[in-house]
Amino acid sequence: MSARTASTQELRDQYLIDGLFVEGEARTLHTAEDRMLVAGVVPLDGDLVLPEIEAVGDGGLERREFGVINLGGDGEVVVDGEVHALGHRDGLYAGRGSSLVFRGRGARFYVVSAPAHATHPVVLIPFADTVPVELGSEDGAGRRALHRYVWGDGPVASSQLQFGVTVLHPGAVWNTFPPHLHSRRTEIYLYFELEPAARVVHLMGEPAHTRHLIVGNEEGVIAPRWSIHSGAGTGRYSFVWAMAGDNRDYGDLTGVSPEDLR
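Residues numbered from 1 in each chain as written. Predicted model: local features only at pLDDT ≥ 70, side-chain atom pairs only at ≥ 80, totals over all residues. Heavy atoms only, no water.

Observations regarding the overall build of the protein
- If you tally the helices and strands in the protein, you get one helix and 22 strands.
- A compact globule built from 262 residues should have a C-alpha radius of gyration of about 18 Å, and the protein, at 17 Å, falls within 12% of that.
- For the protein, the spread of C-alpha atoms along the principal axes amounts to about 55 × 35 × 35 Å.
- Within the protein, buried positions represent 53% of all 262 residues.
- As presented, the protein carries roughly 11200 Å² of accessible surface, and 49% of it is formed by carbon and sulfur atoms. (Helix = DSSP H or I, 4+ residues; strand = E, 2+ residues; numbered from the N terminus. Rg over C-alpha atoms; globule rule 2.2 N^0.38 Å. Buried < 20%, exposed > 50% of the residue type's maximum accessible area, 1.4 Å probe, protein only. Areas by Shrake-Rupley, 256 points an atom, 1.4 Å probe, with all protein chains shown as cover.)

Here we look at the pattern of salt bridges
- Considering all chains together, one arrives at ten salt bridges under this definition.
- Residues Asp252 and Arg184 are paired through a salt bridge, measuring 3.1 Å at the closest nitrogen-oxygen approach. You can see Asp252 sitting in the loop between strand 21 (238–245) and strand 22 (254–255) and its partner Arg184 sitting in the loop between strand 15 (180–181) and strand 16 (185–192), a full 68 residues away along the chain.
- By relative accessible area, which is 37% here, Arg184 ends up partly exposed. (Salt bridge = Lys/Arg side-chain N within 4 Å of Asp/Glu carboxyl O.)

Things to note about the environment of Ala232
- Tracing the backbone shows Ala232 in strand 20 (residues 230–233).
- Sequence-wise, Ala232 and Asn175 are 57 residues apart; in three dimensions their C-alpha atoms are separated by 6.4 Å.
- Look past the residues within four positions of Ala232 in its chain and what remains in contact with it is Val173, Trp174, Arg199, Val200, Val201 and Tyr237. (Contact = heavy atoms within 4.5 Å.)

Things to note about the sheet that holds strand 11 (residues 133–135)
- Read across the open sheet, the seven strands follow the order 1-19-16-21-13-12-11; overall the sheet is antiparallel. Looking along the sheet, the strands with just one partner apiece sit at the ends: strand 1 (16–17) and strand 11.
- In this structure, strand 16 lies alongside strand 21, joined through eight bridges in antiparallel fashion. Along strand 21, the bridge assignment pairs Ile188 with Ala242. (Pairing = 2+ DSSP bridges.)

Overview of the environment of His212
- As for its placement among the helices and strands, His212 is situated in strand 18 (residues 209–215).
- A sequence separation of 49 residues divides His212 from Phe163, and the C-alpha atoms of the two residues are 23 Å apart.
- Discounting chain neighbours no more than four positions away, the residues touching His212 are Val201, His202, Leu203 and Met204.

With respect to unusual backbone geometry
- Omega for the peptide link from Phe177 to Pro178 comes to 0 degrees, which places this bond in the cis form.
- With respect to the secondary-structure elements, Pro178 resides in the loop between strand 14 (174–175) and strand 15.
- In the Ramachandran plot, Arg35 falls in the positive-phi region, its phi being about 55 degrees despite a non-glycine side chain.
- Here Arg35 shows up in the loop between strand 2 (26–30) and strand 3 (37–41).
- At Ala141, a residue that is not glycine, the phi angle is positive and equals roughly 55 degrees.
- Relative to the helices and strands, Ala141 resides in the loop between strand 11 and strand 12 (144–150).
- With relative accessibility at 22%, the residue Ala141 sits in the partly exposed group.

Below is the structure:
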């Protein structure tokens, strides 16, 4: 499918992530783009685990590393029998071969995953302990705080997975503008903390052939290596960004000038 000529529905079918968070269920979505996997896990009174996924084969989850971010209220993630408490926006990294169990009514766990070539230790990443990187400006309506959980040469080791949360300041609507490309990585945005009627106009596609998707709360967009990823919202929001690909160089990107967008 060519994004240049695809209909809006075809783009949504190929790149939009929706319907991931359902009470009492663990739902997954696998993409061929760098073989990334995302999941929404919403426990009620019982425990939930990630289901086996045909696309990764029997035991495929055992060959992956995982990032977890809690988008809801307090909950717990049990990794290989050890309990980790996660509050709102708290994160967790679990290395290859980890067994994950999710619990806690009111919690809403977003899981990102990629194939792993090595095993790294489990690390709890409280949101309060992350150091925000301030980006954008008030004049550009894009002032935001980028919280890195696992990235490049950061303190939490991973095989290839990187992820974090970006929070927009009051009055800001833009994220990641001017946009950029990751020629050796796939990136996935998952938007959250939107009001029910709020939307983000997410820009995607080649710089000279841009397209857009209208995205609601707890919905996301897959950005292949050839696609920009940027957006503007009708109100304040936050989003989880996650990347995987051929390298862990956090700064490996190609900026796109606004003048080159079409």
